[in-house]
Amino acid sequence: MSDSYSAPPSNGLVGAILATLFCCVPFGIVAIVKAAQVNSLWAAGQRAAAEQAADAARNWTLASIITGLAVGAVYFFVALNG
C-alpha cells in the first residue's frame, strides 16, 4: 500500500479543546493550534511536518493537563491549610 493512501495521524483536537477548557488555557491553546495543523499538513503532502504537529499537540495537551492538575492540587492544599 502506498504512503499516499495512508491515514493522517490523529490530531488530538478534542483532547486539546477539553484540556483548554478544564485544565490550563495557555498550553491548551497551543495544543489546539498544533492539532489544527495536522490534517492540512498531511493533505499538503508534508507527512513529517504533520507527524511533528501531531506529536506537539499531544505534548502540549499533556502539559496542559499536568499543569491544571498541579495548580488544582496546590490550590486544594492551600485552601485546606489556610
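It should be noted that the structure appears before, not after, this text.
Owing to the predicted nature of the structure, the values given are computational and were not obtained by experimental measurement.

1. Here's the deal with the packing of aromatic side chains
Moving on, step 1. Here the structure, examined in full by the defined rule, presents two aromatic pairs.
Moving on, step 2. Relative to Phe-77, the ring of Phe-76 lies with its centre 5.4 Å away and its plane at 70 degrees, an arrangement referred to as edge-to-face.
Moving on, step 3. Overall, Phe-77 belongs to the partly exposed group, its relative accessible area being 49%.
Moving on, step 4. Of note, Arg-47 hangs over the ring of Trp-42, and the distance from its end group to the ring centre comes to 4.4 Å.

2. So, the packing of helix α1 (residues 13–22) against helix α3 (residues 47–81)
Moving on, step 1. Look at α1 against α3: their axes get within 9 Å of each other, and the N-to-C directions meet at 25 degrees. Considered as vectors, α1 and α3 are oriented roughly parallel to each other. Crossing hand, α1 versus α3: left-handed. Seen from α1, the contacting residues are Gly-15, Ala-16, Ala-19 and Thr-20; seen from α3, they are Thr-61, Ser-64 and Ile-65.
Moving on, step 2. Across the contact of α1 with α3, the residue classes break down as three nonpolar, four polar and no charged.

3. Here's the deal with the nonpolar core
Grouped burial of nonpolar side chains is what soluble globular proteins tend to show.
Moving on, step 1. Counting six residues, the largest nonpolar core consists of Val-38, Leu-41, Trp-42, Ala-50, Ala-53 and Ala-54.
Moving on, step 2. Leaving out residues up to four positions away in the same chain, Ala-54 has contacts with Pro-9, Ser-10 and Val-38.

4. Side note on the pattern of salt bridges
Oppositely charged side chains can pair when the atoms bearing their charge come close.
Moving on, step 1. Counted under the stated rule, the structure contains one salt bridge.
Moving on, step 2. Measuring nitrogen to oxygen at the nearest pair gives 2.3 Å for the salt bridge that ties Asp-55 to Arg-58. Here Asp-55 and its partner Arg-58 are both found in helix α3, three residues apart, which amounts to about one turn of the helix.
Moving on, step 3. What makes Asp-55 partly exposed here is its relative accessible area of 33%.
Moving on, step 4. Among the residues examined, Arg-58 registers a relative accessible area of 48% and is labelled partly exposed.

5. Description of the environment of Val-71
Moving on, step 1. By secondary structure assignment, the location of Val-71 is in helix α3.
Moving on, step 2. Take Val-71: its relative accessible area is 55%, and that puts it in the exposed class.
Moving on, step 3. Sequence-wise, Val-71 and Asn-11 are 60 residues apart; in three dimensions their C-alpha atoms are separated by 26 Å.

6. Describing a nonpolar patch on the surface
Moving on, step 1. Judged by side-chain polarity, Leu-13, Val-14, Ile-17, Leu-18, Leu-21 and Phe-22 come together as a nonpolar surface patch covering roughly 600 Å² of accessible area.
Moving on, step 2. Assignment of secondary structure puts Leu-18 in helix α1.
Moving on, step 3. A relative accessible area of 42% means that Leu-18 is categorised as partly exposed.

Rules used throughout
Residues numbered from 1 in each chain as written. Predicted model: local features only at pLDDT ≥ 70, side-chain atom pairs only at ≥ 80, totals over all residues. Heavy atoms only, no water. Phe/Tyr/Trp six-rings, centres within 6.5 Å; stacked < 30°, edge-to-face > 60°. Buried < 20%, exposed > 50% of the residue type's maximum accessible area, 1.4 Å probe, protein only. Lys NZ or Arg CZ within 6 Å of the ring centre and 35° of its normal. Axes fitted to C-alpha atoms, helices over the stretch in contact; angles between N-to-C directions. Helix = DSSP H or I, 4+ residues; strand = E, 2+ residues; numbered from the N terminus. Parallel < 35°, antiparallel > 145°, perpendicular 65-115°, else oblique. Left-handed = near helix turned anticlockwise from the far one by under 90°. Contact = heavy atoms within 4.5 Å. Nonpolar A, V, L, I, M, F, W, Y, C, P; charged D, E, K, R; others polar. Core = buried A, V, L, I, M, F, W, Y, C linked by side-chain atoms within 4.5 Å. Salt bridge = Lys/Arg side-chain N within 4 Å of Asp/Glu carboxyl O. Patch = residues over 30% accessible without salt bridge, like charges linked within 9 Å, V, L, I, M, F, W, Y side chains within 5 Å. Areas by Shrake-Rupley, 256 points an atom, 1.4 Å probe, with all protein chains shown as cover.

Function cannot be inferred from these measures alone, as they are strictly geometric.
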